2 protein chains.
Amino acid sequence: MLKQERHKLILDMLKTSKKVLSKNLSDELQVSEDTIRRDLKELELQDLIYRVHGGALLKEIRVRSYDERSTADIDEKKKIALKAVKLLKSGQVIIMSGSSTNLELAKIIPSEINATIYTYSLPIAVELSHHPAIEVIFIGGKLNKEAQVTVGIDVVNPIYNISADICFMGTDGIDISRGLTEPNWEVSRIKNSMIRASNYVVVMCVSSRVNSVKRHSVVPITEIDAIVSDINPDHSMFSDFKALDLTII
Amino acid sequence: MLKQERHKLILDMLKTSKKVLSKNLSDELQVSEDTIRRDLKELELQDLIYRVHGGALLKEIRVRSYDERSTADIDEKKKIALKAVKLLKSGQVIIMSGSSTNLELAKIIPSEINATIYTYSLPIAVELSHHPAIEVIFIGGKLNKEAQVTVGIDVVNPIYNISADICFMGTDGIDISRGLTEPNWEVSRIKNSMIRASNYVVVMCVSSRVNSVKRHSVVPITEIDAIVSDINPDHSMFSDFKALDLTII
DNA sequence: AAAAAAAATGCACAAACACGCAAAAAAACG
DNA sequence: CGTTTTTTTGCGTGTTTGTGCATTTTTTTT
């Protein structure tokens, strides 16, 4: 394995797990710890990582925007993103809704994944624009400044022409009888069309919001294929969903 | 086997496997490692591969280019933005192209201005989303990561349905006989449709680029209503434009 | 304070590299 | 067609780079 390959792998690992241990790296990459230390030294010199005793930590490239810092349940959302990223594969056509969970997902997509992603979220598009291999299609429309997503009929129409392999849908409300629900009517219509355009629908939901219902219906629960949450998929909370053949991750 | 044949094969291999080793190549292509090294050296000189000890890797597109470009002539662009902002009035429907000059303009729009702005530039949309009274319509499409704008047929079509009061157009080339020109073909088509959708067209151009011609034509000079530059509007450089009844600001 | 873990340092060695040169191959020319 | 010129290739030389190991120093843990 080439030195640069190792460097890339180390950076990718850091991106997803935020820390790496020299010991683990030497084991996984099949080189001596000395070599790993030299690698980390180089990466530190390039200002790409923050080296500490025992390994290295992720270097925060930029101070993240204010609204992101204040995001509720950010740790839970990062957990969800870590599980969801495993569903991504090269060659897929992907639709991503405009949730903060999806933003976390966008941040940790490995650089070797080569796929097409449709989104109508400004921050997700910005994040993905730094990815070397993802083709980004932004769905235009009137910008909702609060949610930083585009809304309106101009968003719904183009979605009808998409045929996606997988849809990552962030949500505020999922319930066994009422299905997927959403507080904003316009967003509910957009989410509905996104789901109808996708072969496989993954709902990402923090555990505290499972079994909550919002004002506007998006789709019945039967339209959902999988739920990714921050907690153990064997939790009793999900038993009803499992009975309906949903995959819990 | 000819040298160019090898080069092509090497590039093909790189595309599929993302890395090549000099040793393997010399074995597969039946030439000495020295020859392979010379090949790789040439390909590196053409910026097609990233050469490393032991072989070569796929060249990753640096996304930094946009940030680099946006800082060129930044003082001139701020001057232009200061002049252009005076043309903005509440109630207008505005189209903004994706230049760094327009980004500077977006930053200084007074908070009391209440207008609708169409744009296809990611950074401009992000900037405008912080404005309290501007309604932002983002024109979607495939994202060009380098310029951070959307391009393609999906951008041009929606513009035909717009009717705008004023269009702020950043440019790399304006010339009295060739009119507005643009290095990127797709962008030239988008700019053309933007101008046709607008009542009044303002071209913003740093003085050093006045009288420069790029590859693709956007519109003849007669379609332009005003030019905003960083220098004195009475400069002799503009006398020809004035004769055609263009406003110089 | 002692023990353990990790890091720095110096060294050895193999692999990969650069450079010059000459042979071979290809192209250009009369 | 043969000859000259240019390009491409392989080889010998010495140099650089990447890696692992032993030893010492530093940091962390107990």
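This text follows the structure it describes.
Since we're looking at a predicted model, the values are computed, not measured.

### Looking at the overall build of chain A
- Tallying secondary structure elements over chain A gives ten helices and 15 strands in all.
- Since a compact globule built from 249 residues should have a radius of gyration of about 18 Å, the 19 Å found for chain A is in line with a globular shape.
- Considering only C-alpha atoms, chain A reaches an extent of 55 × 40 × 35 Å along its principal axes.
- Here chain A holds 249 residues, and the buried ones make up 50% of them.
- Contacts in chain A between residues at least 24 apart in sequence constitute 61% of all its contacts with a sequence separation of at least 6.
- Here chain A displays about 11,800 Å² of accessible surface, and carbon together with sulfur accounts for 50% of that area.
- The positive charge centre, built from 32 side chains, and the negative charge centre, built from 33, are 3 Å apart in chain A.

### Considering the environment of L48 of chain A
Residue and element names in this part refer to chain A.
- Position of L48 relative to the elements: it lies in the loop between helix 3 (33–45) and strand 2 (49–52).
- A relative accessible area of 36% means that L48 is categorised as partly exposed.
- On a C-alpha basis, the gap between L48 and A125 in space is 23 Å, while along the polypeptide they are 77 residues apart.
- Contacts of L48, omitting those with residues within four sequence positions, involve L11, L43 and K59.

### Re the sheet that holds strand 14 (residues 226–228) of chain B
- Read from one edge to the other, the open sheet built from nine strands follows the order 8(A)-7(A)-6(B)-5(B)-4(B)-9(B)-12(B)-14(B)-15(B), with strand pairing classed as mixed. Since the sheet does not close on itself, it has two edges, and those belong to strand 8 (149–151) of chain A together with strand 15 (247–248) of chain B, each with one partner.
- With two bridges joining them, strand 7 (residues 141–144) of chain A and strand 6 (residues 135–138) of chain B adopt antiparallel strand pairing. Paired with G141 of chain A across the two strands is F138 of chain B, which belongs to strand 6 of chain B.
- Packing of helix 9 (residues 185–196) of chain B onto the sheet brings it into contact with strand 4 (93–96), strand 9 (164–170) and strand 12 (198–204) of chain B, and relative to strand 9 of chain B it is tilted by some 150 degrees.

### Remarks on the interface of chain A and chain B
- With 29 residues of chain A at the contact, the number on the chain B side is 33 residues.
- Taken over both partners, the interface formed by chain A and chain B buries close to 2,300 Å², and the fraction arising from carbon and sulfur atoms is 59%.
- In this structure, the salt-bridge partner of K19 of chain B is E5 of chain A, at a minimum N-O distance of 2.7 Å.
- In this assembly, chain A and chain B are joined by eight residue pairs in polar contact (both at pLDDT 80 or more).

### A closer look at the packing of aromatic side chains
- Tallying each qualifying case throughout the model produces three aromatic pairs over all chains.
- Pairing F138 of chain A with F138 of chain B gives two aromatic rings, centres 4.4 Å apart and planes at 55 degrees, and the pair type is tilted. Here F138 of chain A, found in strand 6 (residues 135–138), pairs with F138 of chain B, found in strand 6, and the two come from separate chains.
- Judged by relative accessible area, F138 of chain A falls into the buried class, the value being 2%.
- Where F238 of chain A meets F241 of chain A, the ring centres are 6.5 Å apart and the plane angle is 55 degrees; that geometry is what we call tilted. For the residue pair F238 of chain A and F241 of chain A, the accessibility class agrees, reading buried in each case.

### A closer look at the protein's contact with DNA strand C
- As a structural note, the neighbourhood of DNA strand C is formed by 19 residues, with R37, R51 and G54 of chain A together with R37 and G54 of chain B the closest of them.
- Of all DNA strand C atoms lying within 4 Å of any protein atom, the proportion belonging to sugar or phosphate reaches 82%.
- Side-chain polar atom of S22 of chain B to a phosphate oxygen of DNA strand C: 3.4 Å apart, as the coordinates give it.
- Split into classes, the residues belonging to the surface near DNA strand C amount to two nonpolar, eight polar and nine charged.

### As for the pairing of strand 3 (residues 55–58) of chain B
All names here are of chain B.
- Bridging between strand 1 (residues 19–21) and strand 3 involves three bridges; their strand directions are antiparallel. Bridge pairing in strand 3 places K19 opposite L57.
- Bridging between strand 2 (residues 49–52) and strand 3 involves four bridges; their strand directions are antiparallel. Bridge assignment links Y50 to a residue of strand 3, and that residue is L57.
- Counting the residues in the hairpin turn of strand 2 and strand 3 gives two residues, including G54, whose phi is positive at 105 degrees.

### Things to note about the protein's contact with DNA strand D
- Near DNA strand D there are 16 residues, and of these T35 and R38 of chain A together with R6, T35 and R38 of chain B occur at the shortest range.
- For DNA strand D, the backbone portion of the atoms within 4 Å of the protein, that is sugar and phosphate, comes to 67%.
- One nitrogen or oxygen atom from the side chain of K3 of chain B is found 3.4 Å from a phosphate oxygen belonging to DNA strand D.
- Within the side chain of R6 of chain B, a nitrogen or oxygen atom sits 2.6 Å from a phosphate oxygen of DNA strand D.

### Looking at the sheet that holds strand 11 (residues 179–182) of chain B
Residue and element names in this part refer to chain B.
- With antiparallel pairing, three strands are arranged side by side in an open sheet as 10-11-13. The sheet terminates laterally at strand 10 (173–175) and strand 13 (216–219), the two strands that pair on one side only. Each adjacent strand pair in this sheet contributes to an overall mean axis angle of 35 degrees, direction not counted.
- Sheet topology places strand 10 next to strand 11; three bridges connect them, and they run antiparallel. Bridged to G173 within strand 11 is T181.

### Observations concerning helix 9 of chain B
Residues and elements named next belong to chain B.
- Between the first and last C-alpha of helix 9 there are 17 Å, a value that for twelve residues agrees with the 16 Å anticipated at 1.5 Å per step.
- Three or more residues of helix 9 are buried, namely V187, S188, I190, K191, N192, S193, M194 and I195.
- Structurally, the start of helix 9 carries an N-cap: the backbone nitrogen of E186 is 2.9 Å from a side-chain oxygen of N184.

Analysis parameters
- Residues numbered from 1 in each chain as written.
- Chains lettered and ligands numbered in written order.
- Predicted model: local features only at pLDDT ≥ 70, side-chain atom pairs only at ≥ 80, totals over all residues.
- Heavy atoms only, no water.
- Helix = DSSP H or I, 4+ residues; strand = E, 2+ residues; numbered from the N terminus.
- Rg over C-alpha atoms; globule rule 2.2 N^0.38 Å.
- Buried < 20%, exposed > 50% of the residue type's maximum accessible area, 1.4 Å probe, protein only.
- Contact = heavy atoms within 4.5 Å.
- Areas by Shrake-Rupley, 256 points an atom, 1.4 Å probe, with all protein chains shown as cover.
- Lys, Arg positive; Asp, Glu negative; His and termini not counted.
- Charge placed at Lys NZ, Arg CZ, Asp CG, Glu CD.
- Pairing = 2+ DSSP bridges.
- Axes fitted to C-alpha atoms, helices over the stretch in contact; angles between N-to-C directions.
- Buried area = accessible area lost by both parts, 1.4 Å probe.
- Salt bridge = Lys/Arg side-chain N within 4 Å of Asp/Glu carboxyl O.
- Polar contact = N/O pair within 3.5 Å; in protein donor to acceptor, adjacent residues only side chain to side chain.
- Phe/Tyr/Trp six-rings, centres within 6.5 Å; stacked < 30°, edge-to-face > 60°.
- Near = heavy atom within 4 Å.
- Nonpolar A, V, L, I, M, F, W, Y, C, P; charged D, E, K, R; others polar.
- Expected span 1.5 Å × (residues − 1).

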